[in-house]
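Close look at the chain arrangement
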Amino acid sequence: MRKQLEQPVPRTRSHSVESRMSIMHHPIHPMLVVYPVALLSLVVVTDLLFLWLGEAFWAQVGYWLNAAGLGIGLIAGLVGMFDMFSLRVVRRHVSAWNHFIVAVMVLAMAAAGVWLRAPDAQAAVWPWGLLLSSVNFVLVMIAGWLGGTLSFRHGIGVYGDEQTRTPGDDEPPEE
């Protein structure tokens, strides 16, 4: 009965690598990144609503979602970069570099969206605003997938393997 209640752990998961930027062992980057993911993912929805309903409200909401997603995304990106460049084991993962590159692309697309929408949010939606928000939606999903791979498959930014690690150790123990 006890075995059924235990948390499942995949066989492919490596030892955990605790984040350097954390609050009481809770990594800050995953806490922050949910906001730009949600905000930037909804921009395409507001663009479609504006095109369908023709109400200026949705174009303005799209602009503010894009701007807020960019702002919080920059903060989350800085925290993630600190973790990546301060932990050697993280830098050795191809998934970490892929996540980093796609996340930079997401922020660049979000910046382009803010730049495009700032003068006139309504005029910016068709066709370029919708194209930018659609491509950025796909990039956000890819960055999220890669970030999830780092956490769930490689154990990066998590804790739980404390009996085999010493404080300050950024290398997983050898098996």
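Please read these numbers as outputs of a predicted model, since none were measured by experiment. For every chain, the first residue of the written sequence is number 1, and numbering continues from 1 onward in sequence order. Confidence filtering applies because this is a predicted model: local features only for residues at pLDDT of at least 70, side-chain atom pairs given and counted only at 80 or more, and all residues used for totals across whole chains, interfaces and linings. Note that the side-chain values use all heavy atoms of the structure and ignore hydrogens as well as water.

**Here we look at the pattern of salt bridges**
- The working definition used for a salt bridge is a side-chain nitrogen of Lys or Arg within 4 Å of a carboxyl oxygen of Asp or Glu. One pass over the full model with this rule turns up one salt bridge.
- For Asp 47, the salt bridge is made with Arg 117, and the minimal N-O distance between the two is 2.7 Å. Residue Asp 47 is found in helix 2 (residues 28-53), and its partner Arg 117 is found in helix 5 (residues 94-117); the two are separated by 70 residues along the sequence. The helix and strand labels rest on DSSP assignments: H or I over at least four residues marks a helix, E over at least two residues marks a strand, and numbering proceeds from the N terminus.

**Here we look at the nonpolar core**
- Throughout, nonpolar core names a set of buried Ala, Val, Leu, Ile, Met, Phe, Trp, Tyr and Cys residues whose side chains join them through atoms within 4.5 Å. Exposed residues in this analysis have more than 50% of their type's maximum accessible area, buried residues have under 20%, and partly exposed residues fall in between, with area computed by a 1.4 Å probe over protein chains only. Membership of the largest hydrophobic core comes to 16 residues, with the highest contact counts inside it found for Leu 40, Ala 59, Leu 70, Val 102 and Val 106.
- Counting residues per element, the ones that place at least two in this core are helix 2, helix 3 (56-86), helix 5 and helix 6 (121-153).
- Per-element tally for this core: the top contributor is helix 6, with six residues.
- Note on contacts: a residue pair qualifies if any of its non-hydrogen atoms lie within 4.5 Å across the two residues. Those residues within four positions of Val 106 in sequence are excluded, and the remaining contacts are Leu 40, Asn 136, Leu 139, Val 140 and Ala 143.
- Judged by nonpolar contacts, the second largest core, of eight residues, contains Leu 87, Ala 96, Leu 150 and Ile 156.

**Focus on unusual backbone geometry**
- Note the cis peptide between Trp 126 and Pro 127, where omega equals -5°.
- Checked against the element boundaries, Pro 127 lands in helix 6.

**Notes on a nonpolar patch on the surface**
- Residues forming no salt bridge and having over 30% relative accessible area are the ones grouped into patches, like charges within 9 Å of each other and nonpolar side chains (Val, Leu, Ile, Met, Phe, Trp, Tyr) within 5 Å. A 1.4 Å probe and the Shrake-Rupley method give the accessible areas. Residues count as covered only by the protein chains that appear here. Together, Leu 78, Met 81, Phe 85, Trp 97, Ile 101 and Met 105 line one region of the surface with nonpolar side chains, adding up to about 560 Å² of accessible area.
- Summarising the element assignment, Phe 85 is placed in helix 3.

**Some thoughts on empty space enclosed by the protein**
- Whether a set of points on the 1 Å grid over the protein atoms alone is a cavity depends on a 1.4 Å probe fitting there but being unable to get out, while an open set qualifies as a pocket with protein on both sides within 12 Å along at least five of seven lines; lining residues are those with an atom within 4 Å of a point. Grid points are joined across faces, edges and corners, and a volume is the space filled by probe spheres set on the points. A complete count under the given rule lists one cavity of 30 Å³ or more for this structure.
- Here the largest cavity defines a volume of roughly 60 Å³.
- In terms of lining, the largest cavity is formed by Leu 40, Val 43, Asn 66, Met 109, Ala 110, Gly 113, Arg 117, Gly 129, Leu 132, Ser 133 and Asn 136.
- Listed by contribution, the elements that provide at least two residues to the lining of the largest cavity are helix 2, helix 5 and helix 6.
- Note on residue categories: nonpolar means Ala, Val, Leu, Ile, Met, Phe, Trp, Tyr, Cys or Pro, charged means Asp, Glu, Lys or Arg, and polar means any other residue, Gly included. In terms of residue class, the lining of the largest cavity is made up of five nonpolar, five polar and one charged.

**Here's the deal with the packing of helix 2 against helix 3**
- To define axes, lines are fitted to C-alpha atoms, for helices over the stretch in contact only, and angles between the resulting N-to-C directions are given on a 0 to 180 degree scale. One way to put it is that helix 2 packs onto helix 3 with a least axis distance of 8 Å and a crossing angle of 160°. Looking at the two axes, helix 2 sits roughly antiparallel to helix 3. As helix 2 runs across helix 3, the sense of the crossing is left-handed.
- Its residues assigned to classes, the contact of helix 2 with helix 3 comprises 23 nonpolar, seven polar and no charged. Our angle categories are set so that under 35 degrees counts as roughly parallel, over 145 as roughly antiparallel, 65 to 115 as roughly perpendicular, and the remainder as oblique. The hand of a helix crossing depends on one turn: near helix anticlockwise from the far one by less than a right angle means left-handed, and clockwise means right-handed.

**Topic: the environment of Phe 152**
- Note on placement: Phe 152 falls in helix 6.
- A relative accessible area of 65% places Phe 152 in the exposed class.
- The sequence separation of Phe 152 and Ser 16 amounts to 136 residues, and the corresponding C-alpha distance is 9.6 Å.

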